Amino acid sequence: MSPESTSEDPARDARLRRSGIGAFLAGAAATLAFFAFFPGLPHVIDWGAIIAALAIGGLARWALQYRLRKRRTHPG
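Residues numbered from 1 in each chain as written. Predicted model: local features only at pLDDT ≥ 70, side-chain atom pairs only at ≥ 80, totals over all residues. Heavy atoms only, no water.

Visitor: Got a minute to help me understand helix α1 (residues 10-37) in this structure?
Guide: Note on helix geometry: an α-helix contains 3.6 residues per turn, so any two residues three or four positions apart are oriented the same way. Between its first and last C-alpha, α1 extends 40 Å over 28 residues, near the 40 Å set by a 1.5 Å rise per residue. Buried residues of α1: R12, L16, G20, A23, G27, A28 and T31, and no others. Looking at the buried side of α1, the elements it contacts are α2 (47-73). (Helix = DSSP H or I, 4+ residues; strand = E, 2+ residues; numbered from the N terminus. Expected span 1.5 Å × (residues − 1). Buried < 20%, exposed > 50% of the residue type's maximum accessible area, 1.4 Å probe, protein only. Contact = heavy atoms within 4.5 Å.)

Here it is as structure tokens:
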């Protein structure tokens, strides 16, 4: 058994999943764009930039899903 409880609304779960994917991609793309185009940086995408982009993308996904779930439990 998984520790996650099952939701009663599969459509809401699908929207939450899609929005999480979008947030991850937006965060990762913004981080890579920062490392690629910010003046003064070496304009090289290396492993450090890729790992940072994945971390920022994961953080953006977590933050969005936390906010959406919190809004669901505490309306208003």
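Read on, since the account is not over.
Visitor: Quick question: what am I supposed to make of the packing of α1 against α2 here?
Guide: What describes two packed helices is the angle between their axes and the distance between those same axes. Viewed as axis vectors pointing N to C, α1 and α2 meet at an angle of 145°, and their least axial separation amounts to 7 Å. The interaxial crossing formed by α1 with α2 has right-handed handedness. For the contact of α1 with α2, the residue count by class is 14 nonpolar, seven polar and five charged. (Axes fitted to C-alpha atoms, helices over the stretch in contact; angles between N-to-C directions. Left-handed = near helix turned anticlockwise from the far one by under 90°. Nonpolar A, V, L, I, M, F, W, Y, C, P; charged D, E, K, R; others polar.)

Visitor: So what exactly am I meant to see when it comes to the packing of aromatic side chains here?
Guide: In the structure shown here, the tally under the stated rule is two aromatic pairs. Here F34 and F35 contribute two aromatic rings whose centre-to-centre distance is 5.5 Å and whose plane-to-plane angle is 75°, an arrangement assigned as edge-to-face. Looking at F34, the relative accessible area reads 39%, which means it is partly exposed. Taking relative accessible area as the criterion, F35 reaches 25% and is therefore assigned partly exposed. (Phe/Tyr/Trp six-rings, centres within 6.5 Å; stacked < 30°, edge-to-face > 60°.)

Visitor: I would appreciate a short explanation of the side chain of T31 in the present structure.
Guide: The residue T31 is located in helix α1 in this model. Those residues in contact with T31 that sit more than four places away from it in its chain are A52, A53 and I56.

Visitor: How should I be thinking about the side chain of Q65 in this particular structure?
Guide: Position of Q65 among the secondary structure elements: in helix α2. Once you skip the residues sitting within four places of it in the chain, Q65 turns out to touch L16, R17 and G20.

Visitor: So what exactly am I meant to see when it comes to α2 here?
Guide: The end-to-end C-alpha separation of α2 is 39 Å, in line with the 39 Å expected for 27 residues at 1.5 Å each. Buried within α2 are the following residues: A49, A53, G57, Q65 and L68. Among the structural elements, α1 are those in contact with the buried residues of α2.

Visitor: In this structure, what is going on with a nonpolar patch on the surface? I would like to understand it.
Guide: A cluster of nonpolar side chains, L32, I45, W47, I50, I51 and L54, forms an exposed patch at the surface whose accessible area comes to about 590 Å². Top element by residues in the nonpolar patch is α2. It accounts for four residues. Counting through the fold element by element, I50 comes out in helix α2. (Patch = residues over 30% accessible without salt bridge, like charges linked within 9 Å, V, L, I, M, F, W, Y side chains within 5 Å. Areas by Shrake-Rupley, 256 points an atom, 1.4 Å probe, with all protein chains shown as cover. Salt bridge = Lys/Arg side-chain N within 4 Å of Asp/Glu carboxyl O.)

None of the figures reported here should be taken as evidence of function without further support.
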